[in-house]
Amino acid sequence: MRSLLKPRSVAGQVFLLQLVVVLLLIATAVVALVLQDRNRAIREAGDRSLAVAETFANAPGTAEAMKSKDPTAALQPHAEVVRKKTGVDYVVALSPYGFRWTHPDPEQIGKHVSTSYGEALGGEPHQTTFDSSLGKAVDSTVAVFDDKGTAVGLITVGVTVDKVAGVVQHQLPVIFAAGGVALLLAAGGSALVSGRLRRQTGGLGPVEMTRMYEHHDAVLHAVREGVIILDGDGRVLLVNDEARRLVALPPEAEGRPVTELGLSPALAALLGSGRAATDKVFPAGDILLAVNVRPVGPKGGTVATLRDTTELRALAGRADVAGGRLQLLYEASTRIGTTLDVKRTAAELAEVAVPRFADFATVELGEPVMRGGEPTGANMEMHRIAAEGIRDDAPLYPVGTRMPYVPDNPVAIGMTAGRPVLVTQLALADGWRAQDPERAQQVIEYGIHSMISVPLRARGQLLGVVDFWRSEQDPFESDDLSPAEELAARAAVCIDNARRYTREHTTAVTLQRSLLPGMLPELSALEVGHRYLPAQAGVGGDWYDVIPLPGARVALVVGDVVGHGLHAAATMGRLRTAVHNFAALDLPPDELLAHLDDLVTRIDQDAAAEGNTEAVTGATCLYAVYDPVSGRCVLARAGHPGPALVSPDGLVSFPDIPVAPPLGVGGGLPVETAELRLAADSRLVLYTDGLVEARGRDIDVGLAMLREAIIHADGATPDDTCRAVLDTMLRGGSSDDVALLVARTRLLDPEQVAEWEVPDDPAAVSRIRAEATRRLEAWGLGEAAFTTELILSELVTNAIRYGGSPIGVRLLRDGDSLICEVGDGTSTSPHLRRAAFTDEGGRGLFLVAQMSRRWGTRYTDRGKIIWAEQALGGGSVGDLGSLLMADL
């Protein structure tokens, strides 16, 4: 059989040829069987997944569960039971829009799938074969239809092919057995051929044996590795020249026990024991030997090899150091700068350096840098912002300490020069000790012996400094300056990015806060609660406002500008200012939104003309006007979610408010309004889409959650309602900003309102003055009677002279205000003008303006109303004579 292993012999060549042929036949059979089994398994996997998907989709209750409020709670347990019992890899229920309701991994529930399921929604099962992490798999997707034939969801089932492949495993033993028999027959035939050849040749001759021995001996002594061959008794049989050199063996070492050769006791014991060993290191004079021992032969002999590893050890040590530094820099690139927070980034720098590079690390930054401002140079005041160490009791300055460095301090020198400074022995650094001699002595006694100070510079500006300290590790060397500087450079870029983000974020937040209303006015018509929560990504364009209107009415407005950042905040301010201006004209909600749509269209056109791609298109707005006298609330919206209405008995509804296109895309289409009659103590909840919409959650689910949150906050104040709604709806945070406005309605007491119809006759003016005076006396406002008579006389006289029927007068007592309203059937508006000395008229409106806190005109469906608001308890009305004689 020995000749069979020699490829140069005829028997060996014949055996190898037969072995190759048999192996090729076996491989061909196995490949054919595997391909056949794989195709069968794919078909079976497809049939199994499709059967499970259709069974689960058509199971009673599946469609109802998908239409329920919480499909995940209803379907997840059943899906897992089906998956485990049928042996498939997953059973996933999807919404018609591709969001997961069930999944074996709960973290995947709610996420969107990107696979195509349009064919399945059309009623045709969809199958696809793909390569997964577990191998080739088959996925079947079918739709679930309700009784009306509407697709309410999808069921997708996946099976890996390996789960149904098994025929090969049963047939492989037969193939391998046949191959083994063929190999045995080939080996027997080769043995017969080899025996016959040996008898014919008689074996190798003396020359061949001598040549073979000389070759082996030359190789043995030429290798650069020591070789020692021992018998079972531990005696040396053979030693090459390299082994003699490495362990200084005597000339006649062969035949002697290994323990008598003068080797170190540990090395001699290992060689004589006969035990196997791998890369055991032993000192031999000035070198280090790596020893490998392997037992050989049936009589217990061993072969030992010896290799000089002194230089390799030194190279390995340097390689370990270099590898450690590379690993340090790699960790720095992944762990530093994970957030855009200056303090957190500085703390990450200290955490990365300890304990891999230093035992302690401290970071100081300039005061302007911490606030997001521009650094002011090497002389700016430093504050310790982060510290990390292997222990917490180090006597270094704590975080928050102001750090005024003296000029000779190594840290100050490094900041001035812009390069790292190495202090190998802190005890001998006079400049460092002079900073604070007492604390310096504590640091030295604690065991901290060396430091490296590296300035943090970015874009040529000094941001701060990082100091690395060692106590238990070896002192810093000059080779440590390079990794310290690289570490600081990477951290400085991250700190500068965080600083610049802080500056921009602060600017955007300041702008947005300045544009949002600060304190809302106290109103008798409404009790208001409000909240604004910026998005996690930064400031946004959501806003709200409460605007007092004439006649004790109030305008409620909520808007949303698409996007985040300065552009969205600035656009929000422009829209809010425009709404205030339009509201000052007392426009009805539909006209106000139409004007706002025109404004946004012009803004977009101007932006496009200037090449600015950040358009306002996509902004939405909801505008409502509430009248506390009648309880009438008129609403209009442009692309904005409708409000929630809470009746006094706690019932929550979502009124159907006609929706117009978002601002800027209306194209001149009319805006429709809706009118609601609100009882006292009703609550009107206005909000932006960030409150009810979320990724992976349908808006109907969000509205249902909002309904439940409002119900649970029943009876609370508007401010408490805001808090309860946000706590319920935004427990996990929001990717969009949210504006919320809750208004509780009030109705004016009918005793606070007085109304009269005025005939189209100048003689009726005196009667109206008399009735108004009597009503003021009943209200206890007799001191305001004279001024009120003057105002009513002017307004009613103008209505009779220049207006048309019907003419009406209304007095409203609203808190500290008395409002006089005179309406007529014409739309002409009076204007204040200057009257000359010779003019007999033209001073009436001037007197009204002087006697009133404010006055104006608003238009109705059947004419106009001129109103004047007086401040009650505001003192005397002034010298009417001087007013009448004033040079107008």
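Refer to the preceding data block for the structure.
Rules behind the numbers
- Residues numbered from 1 in each chain as written.
- Predicted model: local features only at pLDDT ≥ 70, side-chain atom pairs only at ≥ 80, totals over all residues.
- Heavy atoms only, no water.
- Pairing = 2+ DSSP bridges.
- Helix = DSSP H or I, 4+ residues; strand = E, 2+ residues; numbered from the N terminus.
- Axes fitted to C-alpha atoms, helices over the stretch in contact; angles between N-to-C directions.
- Patch = residues over 30% accessible without salt bridge, like charges linked within 9 Å, V, L, I, M, F, W, Y side chains within 5 Å.
- Areas by Shrake-Rupley, 256 points an atom, 1.4 Å probe, with all protein chains shown as cover.
- Salt bridge = Lys/Arg side-chain N within 4 Å of Asp/Glu carboxyl O.
- Phe/Tyr/Trp six-rings, centres within 6.5 Å; stacked < 30°, edge-to-face > 60°.
- Buried < 20%, exposed > 50% of the residue type's maximum accessible area, 1.4 Å probe, protein only.
- Lys NZ or Arg CZ within 6 Å of the ring centre and 35° of its normal.

1. Concerning the sheet that holds strand β28 (residues 807-814)
Then, in step 1: In spatial order, the strands read β27-β28-β29-β31-β30; together these five strands make up an open sheet with antiparallel pairing. The sheet is open, and its two borders are formed by β27 (753-758) and β30 (854-860), each paired with just one other strand. Across the sheet, the mean angle separating the axes of adjacent strands is 15 degrees when strand polarity is ignored.
Then, in step 2: The sheet contact formed by β30 and strand β31 (residues 863-871) spans seven bridges and is antiparallel.

2. Some details on a nonpolar patch on the surface
Then, in step 1: A cluster of nonpolar side chains, Leu17, Val21 and Leu25, forms an exposed patch at the surface whose accessible area comes to about 300 Å².
Then, in step 2: You can see leucine 17 is positioned in helix α1 (residues 10-57).

3. A look at the packing of aromatic side chains
Then, in step 1: Summed over all chains, the structure comprises four aromatic pairs.
Then, in step 2: Between phenylalanine 357 and phenylalanine 468 the ring centres are 5.3 Å apart and the planes differ by 90 degrees, which places this aromatic pair in the edge-to-face class. On the criterion of sequence distance, the pair formed by phenylalanine 357 in the loop between α10 (342-353) and β10 (360-366) and phenylalanine 468 in strand β15 (residues 461-470) is long-range, its members being 111 residues apart.
Then, in step 3: Assessed through its relative accessible area of 4%, phenylalanine 357 is described here as buried.
Then, in step 4: On the basis of relative accessibility, which here comes to 0%, the residue phenylalanine 468 falls in the buried class.
Then, in step 5: Linked through ring pairs, Phe357, Phe468 and Phe476 together constitute an aromatic cluster.
Then, in step 6: The side chain of arginine 439 reaches across the aromatic face of tyrosine 397, ending 4.4 Å from its centre.
Then, in step 7: Across the ring face of phenylalanine 357, the terminal group of arginine 470 is positioned such that the distance to the ring centre comes to 5.5 Å.

4. Some remarks on the sheet that holds strand β6 (residues 236-239)
Then, in step 1: Ordered by their spatial adjacency, five strands build an open sheet running β6-β5-β9-β8-β7, and the pairing between neighbours is antiparallel. Two strands in the sheet have a free side with no partner beyond their single neighbour: β6 and β7 (277-284). Averaged over all pairs of adjacent strands, the angle between their axes in this sheet comes to 25 degrees, without regard to strand direction.
Then, in step 2: Inspection of the sheet shows strand β5 (residues 226-230) paired to β6 by three bridges, in the antiparallel sense. Across the sheet, isoleucine 228 pairs through a bridge with valine 239, a residue of β6.

5. A short note on unusual backbone geometry
The bulk of non-glycine residues show a negative phi, and the bulk of peptide bonds are trans.
Then, in step 1: The residue after valine 354, namely proline 355, is reached through a cis peptide bond having omega 0 degrees.
Then, in step 2: Topologically, proline 355 is positioned in the loop between α10 and β10.
Then, in step 3: In this chain, serine 805 is followed by proline 806 through a cis amide linkage whose omega measures -5 degrees.
Then, in step 4: Relative to the helices and strands, proline 806 resides in the loop between α21 (785-802) and β28.
Then, in step 5: Phi at arginine 459 takes a positive value of approximately 55 degrees, unusual for a residue other than glycine.
Then, in step 6: By the element assignment, arginine 459 lies in the loop between β14 (450-458) and β15.
Then, in step 7: Look at alanine 552: it is not a glycine, yet its phi comes out positive at around 65 degrees.

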